[in-house]
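Now for the letters of each chain:
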Amino acid sequence: MMVHEDYKQMLALQALDALEGADVRELDAHLATCAECRTELDEMRDASSLMAYASNQLEPSAGLRSRILESVATQNSSSRMSAATPGVEPAPRTNVIPLARPKRRQWNLGQSFGAIAAALVLAASIVGLFVLWNRYQDSQREIARLAQEKATQQRELTHLSEALAMITARDAAKFELAGTPMAQKAHAMLAYDRKTGRAMLMVEGLPAAPADKAYQLWFIAGGKPMPGKVFTIDAEGKAMMDDDVPAAAREHAVFAVTLEPKSGVTAPTGQIYLASAAS
Amino acid sequence: MQPETAPTSDNELLRAVARGEESALAQIYDRYRLILFGLIVRIVHSREEAEDVLQEAFLQIWRRAGDFDESRGRAFTWLVTVARSRALDRLRSLGSRARLAEAAPPPEQIGDAAADAIHSEQAEVVRRALAQIPVDQRQTLFLGYFEGLTQSEIAARLGAPLGTVKTRMRAGMMKLRELLHEQKEGAY
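Remember, predicted model here, so these are calculated numbers, not experimental data.

Novice: An account of the overall build of chain B is needed here, citing residue identities and associated values.
Specialist: On a plain count of helices and strands, chain B comes out with nine helices and zero strands. Counting from the amino terminus, chain B carries its helices and strands in the arrangement α-α-α-α-α-α-α-α-α. Classification of the 188 residues of chain B by burial places 43% in the buried group. Put simply, 66% of the contacts in chain B that link residues at least 6 apart link residues at least 24 apart.

Novice: Break down the overall build of chain A for me, with residues and values.
Specialist: Across its full length, chain A holds six helices and eight strands. The order of helices and strands in chain A, counted from the N terminus, is α-α-α-α-α-α-β-β-β-β-β-β-β-β. Put simply, 58% of the contacts in chain A that link residues at least 6 apart link residues at least 24 apart.

Novice: Hey, could you go over the interface of chain B and chain A for me, with residue numbers and the actual values?
Specialist: Chain B puts 60 residues into the contact, and the matching count from chain A is 45 residues. Within the residue set of the side of chain B that touches chain A, elements represented by two or more residues are helix 2 (22-44), helix 3 (47-64), helix 4 (75-94), helix 6 (113-131), helix 7 (135-147), helix 8 (151-158) and helix 9 (162-187) of chain B. No other element matches helix 2 of chain B, which puts 12 residues into the side of chain B that touches chain A. For the side of chain B that touches chain A, a count of residues per class yields 27 nonpolar, 17 polar and 16 charged.

Novice: Hey, could you go over the confidence of the model for chain B for me, with residue numbers and the actual values?
Specialist: All names here are of chain B. Summary statistics for chain B give a mean pLDDT of 82 and a share of 79% for residues scoring 70 or more. Of all helices and strands in chain B, the one with the weakest mean pLDDT is helix 5 (residues 96-100) (50), whereas helix 2 scores best (94). pLDDT under 50 marks residues 100-116. Its contacts with residues more than four places away, or in other chains, come to 21 contacts. Note on the complex model: pTM 0.54, ipTM 0.83.

Novice: Tell me about unusual backbone geometry, and please be specific about residues and values.
Specialist: Residues other than glycine seldom take positive phi values, yet A:Asp17 does so here, at roughly 60 degrees. Looking at the element boundaries, A:Asp17 is found in the loop between helix 1 (4-15) and helix 2 (21-31). Judged by local crowding, A:Asp17 falls into the buried class, with 21 C-beta atoms found within 10 Å. One non-glycine residue, B:His45, lies in the positive phi region at around 60 degrees. The topology assignment puts B:His45 in the loop between helix 2 and helix 3.

Novice: For helix 4 of chain B, give the residues involved together with the corresponding values.
Specialist: Here helix 4 of chain B spans 29 Å end to end across 20 residues, near enough to the 28 Å set by a 1.5 Å rise per residue. Two residues or fewer past helix 4 of chain B, B:Gly95 is found with a positive phi of approximately 65 degrees.

Novice: A description of the environment of A:Asp244 should follow, citing residues and the corresponding values.
Specialist: With respect to the helices and strands, the residue A:Asp244 is situated in strand 6 (residues 239-244). Separated by 51 residues in the primary sequence, A:Asp244 and A:Asp193 have C-alpha atoms spaced 9.1 Å apart. Beyond its immediate stretch of four places on either side in the chain, A:Asp244 contacts A:Gly197, A:Arg198, A:Ala199, B:Gln60 and B:Arg64.

Novice: Before we move on, can you summarise the packing of helix 1 of chain A against helix 3 (residues 35-49) of chain A with the specific residues and values?
Specialist: Residue and element names in this part refer to chain A. The N-to-C vectors of helix 1 and helix 3 enclose an angle of 30 degrees; their axes lie 8 Å apart at closest approach. By the criterion of interaxial angle, the relationship of helix 1 to helix 3 is roughly parallel. Remark: the crossing between helix 1 and helix 3 carries right-handed chirality. When helix 1 is examined against helix 3, the residues Tyr 7, Lys 8, Leu 11, Ala 12, Gln 14 and Ala 15 are found in contact with a partner set consisting of Cys 37, Glu 40, Leu 41, Met 44, Arg 45 and Ser 48. Its residues placed into classes, the contact of helix 1 with helix 3 shows seven nonpolar, two polar and three charged.

Novice: Kindly report on the sheet that holds strand 3 (residues 198-204) of chain A, identifying the contributing residues and their values.
Specialist: All names here are of chain A. Spatial ordering of the open sheet is given by 5-4-7-8-1-2-3-6, a layout of eight strands whose pairing is antiparallel. Each having just a single partner strand, strand 5 (224-231) and strand 6 make up the two edges of the open sheet. Averaged over all neighbouring strand pairs, the angle between strand axes comes to 25 degrees, with direction disregarded. Bridging between strand 4 (residues 213-221) and strand 7 (residues 254-261) involves eight bridges; their strand directions are antiparallel. When the bridges of strand 7 are listed, Trp 218 appears paired with Ala 256.

Novice: Lay out the pairing of strand 1 (residues 172-179) of chain A in plain terms, naming residues and giving numbers.
Specialist: Residues and elements named next belong to chain A. As paired elements, strand 1 and strand 2 (residues 187-193) share seven bridges and run antiparallel to each other. Each bridged residue has a counterpart across the sheet, and for Glu 176 the counterpart in strand 2 is Met 189. In the sheet, strand 1 pairs with strand 8 (residues 272-276) via three bridges, with the strands oriented antiparallel. Residue pairing across strands places Gly 179 opposite Leu 274, the latter belonging to strand 8.

Novice: Run through the confidence of the model for chain A, naming residues and quoting values.
Specialist: The predicted structure's coordinates, where accompanied by low pLDDT, should not be read in detail. All names here are of chain A. On average, chain A scores 81 in pLDDT, and the residues at 70 or more come to 85%. Within chain A, no element has a lower average pLDDT than helix 5 (residues 92-96), which sits at 30, and none a higher one than strand 8, at 93. Predicted confidence is poor over residues 76-106, with pLDDT under 50, and the contacts of this stretch with residues over four places away or in other chains come to 24 contacts.

Parameters at a glance
- Residues numbered from 1 in each chain as written.
- Chains lettered and ligands numbered in written order.
- Predicted model: local features only at pLDDT ≥ 70, side-chain atom pairs only at ≥ 80, totals over all residues.
- Helix = DSSP H or I, 4+ residues; strand = E, 2+ residues; numbered from the N terminus.
- Buried ≥ 20, exposed ≤ 12 C-beta atoms within 10 Å, placed from the backbone.
- Contact = placed C-beta atoms within 7 Å.
- Nonpolar A, V, L, I, M, F, W, Y, C, P; charged D, E, K, R; others polar.
- pLDDT = per-residue confidence, 0-100.
- Expected span 1.5 Å × (residues − 1).
- Axes fitted to C-alpha atoms, helices over the stretch in contact; angles between N-to-C directions.
- Parallel < 35°, antiparallel > 145°, perpendicular 65-115°, else oblique.
- Left-handed = near helix turned anticlockwise from the far one by under 90°.
- Pairing = 2+ DSSP bridges.

Following this line, the structure appears as structure tokens:
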């Protein structure tokens, strides 16, 4: 039987997330009733977070700030590649046209032939340059497209492996969400790590949403709904997304999916399509 | 549009983010990008991955700012915790690939002078504090913090008994907390 002092000994390790298994659960239960330990753990976390200063301060790419703000503005964190391509497009005509404007003066036959030959060579060069430039641009676009495709596939692969790890983890919490009368064929599974709240939602059988709507996940604890991410489904009504279960909803909560405006809402307004039984 | 009355404390900024003010998120980015990005690069060992993770972290900050509870700790701790959690998640999903890259740490690159100056004093305080912690204790703290290892994983990595690892981690954390208190009192 552990006593207060035993739990205090665990706080430093918990502040580093180094505690494991039953110790975490027992400490969590103790923290729920011990304000002194909660305060000390908060202090320990403040101290541990300062270790971030032990790393070198590094400057991210200049474009990252605007990518983040764009993602936030659109609530869509994927496919930002289009924003990256304009930088590689110095307009080809500005490179070419200044080379191709000889002044016309007085002409004799020799000069005319010479000028015509030179003009032809120049025109051929311009056409050649133009063709090369177009190919270069095509290649750049193709590279950007492939990079985007690769990033998407990697993200999907990461999602899948995370989902698998989450579902197979021994101490993961798993909840089935059943379709309501709004979507009787739908069902979903929500798996999450009780310690970190990292969650994976897998959905099947949801009906297509109207263009201005999307589905949104909710964590309902103590009767209070907390908003999760907004998601869209594919043509088969399937979706998979990660999210974070708020700490307040990790032990006893109901999970639900509603149909909401596409940008998401902070309190549910639409019909419930999926819901778990109370935990 | 309220550039003149923009909130300045971290807590105020997070409250504004929770209300959906994008400019507040931009200010948090400007204020903490160097330290958060440095932390993430140190964890995932790749600038490319780190940029992706930093973006994820800021989207989480955007969506979850309302979860931040001022009475439970500093905003800085919350921001760093979000970034660290995301980075450790990515490290795990990358598996051994990123760990193999440890042999080639990213080049050092200090950010612009103005932003750097804001945090340089704090960084100096922490570095001095860490330097005073015995190496074996510091090693366990770093393995836990930057690699996300649990106590038994650290024991396995170091080939040390679990009890010894726990003792070192506790002693290291106590020392860190004490030294930070002392140095903060001296510095401010």
